[in-house]
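Structural overview for review
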Amino acid sequence: MSQTHRLVEVPGGRIHVVEQGSGPLVLLVHGFPESWYSWRHQLPALAAAGFRAVAVDVRGYGRSSAPARVADYRMLAHVADNAAVVRGLGERSAVIVGHDWGSSIAANSALLRPDLFRAVGLLSVPYAPRGPHRPTDAFAAMGGDEEFYVGYFQAEGRAEAEIEPDVRGWLAGFYAALSGEGQGAYFVPRGGRLRDRFPQDTLPSWLTEADLDVYAGEFERTGLTGALNRYRNVDRDWEDLAAWDGAPITQPALFIGGALDASTTWMAGAIEAFPRTLPGLAGAHLLDGCGHWVQQERPEEVNRLVIDWLRKVTAGE
């Protein structure tokens, strides 16, 4: 089965999607700094298993629209994009699966639009309901003499100035640092750069030079501002989602994370709270030796877990 690329009209512009297979719709949402290509191992596997697999370029990435205003990257806009993609594909509902920021986008899509998203799969970043503290206040308290990377990303143009002179090298280092083979890179030395913490001149075993060429080519064309603007909306999201403070997601759910990923260690409390926050959870799987990029580091294992779960939540269709 071949892959089909197309643009789907959404209220904020157009979303580029890559589609493979037929059957119940599964919408795949990537994170930072990635693209639809992050699901290259899942698209054919889901298609072969009898699903209509559709991977999007999130707004600001790849061939999707990249609005100029920072506020246009608020969570509500991403949820609206996903809803419009489902409708634009001629479907009435979908299962949504997200990784990294895509996990948060998928979770909020399920939370805000349960009429469209009947099940949700979360990779790497566990669901944590909106809480009482403004996010940037919490980030500012982290790191001591150093700066937490999400805080570092807040100022417009600052991270771009670090990344864009050497997009390919920066991406390679970031992917390597957050993989199961890396040591992480989450804090910026005062007056320094995030890349000062990256391993040098190495690719993780799961990423080929050709794969890196795809990612680098997209970001060299688009720049990083659209991608980074997602981070610049964390406080705006906190304000927008006040009505859902502490709200659980009640649809069927799945979580897969890497045991060596900071997202699963720092957010261990969120995972422990799943019986309350994700009452429809079918399973929470931590993959030993795996870092942040779970569906690329462990594609066969992730495919098996996701397909087994999808077959249960779509049984009878």
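Heads up: the structure comes first, above all this text.
Residues numbered from 1 in each chain as written. Predicted model: local features only at pLDDT ≥ 70, side-chain atom pairs only at ≥ 80, totals over all residues. Heavy atoms only, no water.

Turning our attention to the layout of surface pockets. By volume, the largest pocket is sized at about 1,300 Å³. Lining the largest pocket are 44 residues, with Ser-104, Val-125, Ala-128, Phe-139 and Met-267 sitting closest to its centre. Breaking the lining of the largest pocket down by element, the ones donating at least two residues are helix H3 (101-112), helix H4 (135-140), helix H5 (149-152), helix H7 (167-178), helix H10 (234-240) and helix H11 (262-266). Its residues placed into classes, the lining of the largest pocket shows 32 nonpolar, seven polar and five charged. The space that makes up the second largest pocket amounts to roughly 210 Å³. The leading source of residues in the lining of the second largest pocket is H7, at four residues. (1 Å grid on protein atoms, 1.4 Å probe; cavity = no way out; pocket = protein on both sides within 12 Å on 5 of 7 lines; lining within 4 Å. Points joined across faces, edges and corners; volume = space filled by probe spheres on them. Helix = DSSP H or I, 4+ residues; strand = E, 2+ residues; numbered from the N terminus. Nonpolar A, V, L, I, M, F, W, Y, C, P; charged D, E, K, R; others polar.)

Moving on: the packing of aromatic side chains. In this structure the tally under the stated criterion is 28 aromatic pairs. Seen from their ring centres, Tyr-175 and Tyr-215 are 5.3 Å apart, and the 55 degrees between their planes marks the pair as tilted. Residue Tyr-175 is found in helix H7, and its partner Tyr-215 is found in helix H8 (residues 209-222); the two are separated by 40 residues along the sequence. Taking NZ or CZ as reference, Arg-130 lies 4.3 Å from the ring centre of Trp-238, over its face. Note that Arg-230 overlies the ring of Trp-101, its terminal NZ or CZ placed 4.6 Å from the centroid. (Phe/Tyr/Trp six-rings, centres within 6.5 Å; stacked < 30°, edge-to-face > 60°. Lys NZ or Arg CZ within 6 Å of the ring centre and 35° of its normal.)

This next bit is on H7. When the terminal C-alpha atoms of H7 are compared, their 17 Å separation across twelve residues agrees well with the 16 Å that a helix rising 1.5 Å per residue should span. The buried count for H7 comes to ten of twelve residues, which makes it a mostly enclosed element. Within the span of H7, buried status applies to Val-167, Trp-170, Leu-171, Ala-172, Gly-173, Phe-174, Tyr-175, Ala-176, Ala-177 and Leu-178. The inward-facing, buried residues of H7 abut helix H6 (158-163), H8 and helix H14 (294-297). (Expected span 1.5 Å × (residues − 1). Buried < 20%, exposed > 50% of the residue type's maximum accessible area, 1.4 Å probe, protein only. Contact = heavy atoms within 4.5 Å.)

The eight strands lie next to each other as E1-E2-E4-E3-E5-E6-E9-E10, forming an open sheet whose pairing is mixed. The sheet is open, and its two borders are formed by strand E1 (4-10) and strand E10 (281-287), each paired with just one other strand. Taking the axes of each pair of neighbouring strands and ignoring which way they run, one obtains an average angle of 20 degrees across the sheet. Two strands pair when backbone bridges link them, and strand E9 (residues 253-258) and E10 are joined in this way by five bridges, in the parallel orientation. Pairing of Ile-256 across the sheet is with His-285, part of E10. (Pairing = 2+ DSSP bridges. Axes fitted to C-alpha atoms, helices over the stretch in contact; angles between N-to-C directions.)

In this section: the packing of H7 against H8. Relative orientation of the contacting elements H7 and H8 amounts to 125 degrees, with a least axis distance of 9 Å. Here H7 is positioned oblique relative to H8, judged by the angle of their axes. Crossing geometry of H7 relative to H8 is assigned as right-handed. Where H7 abuts H8, its residues Val-167, Arg-168, Leu-171, Ala-172 and Tyr-175 lie against Glu-209, Leu-212, Asp-213, Tyr-215, Ala-216, Phe-219 and Glu-220. (Parallel < 35°, antiparallel > 145°, perpendicular 65-115°, else oblique. Left-handed = near helix turned anticlockwise from the far one by under 90°.)

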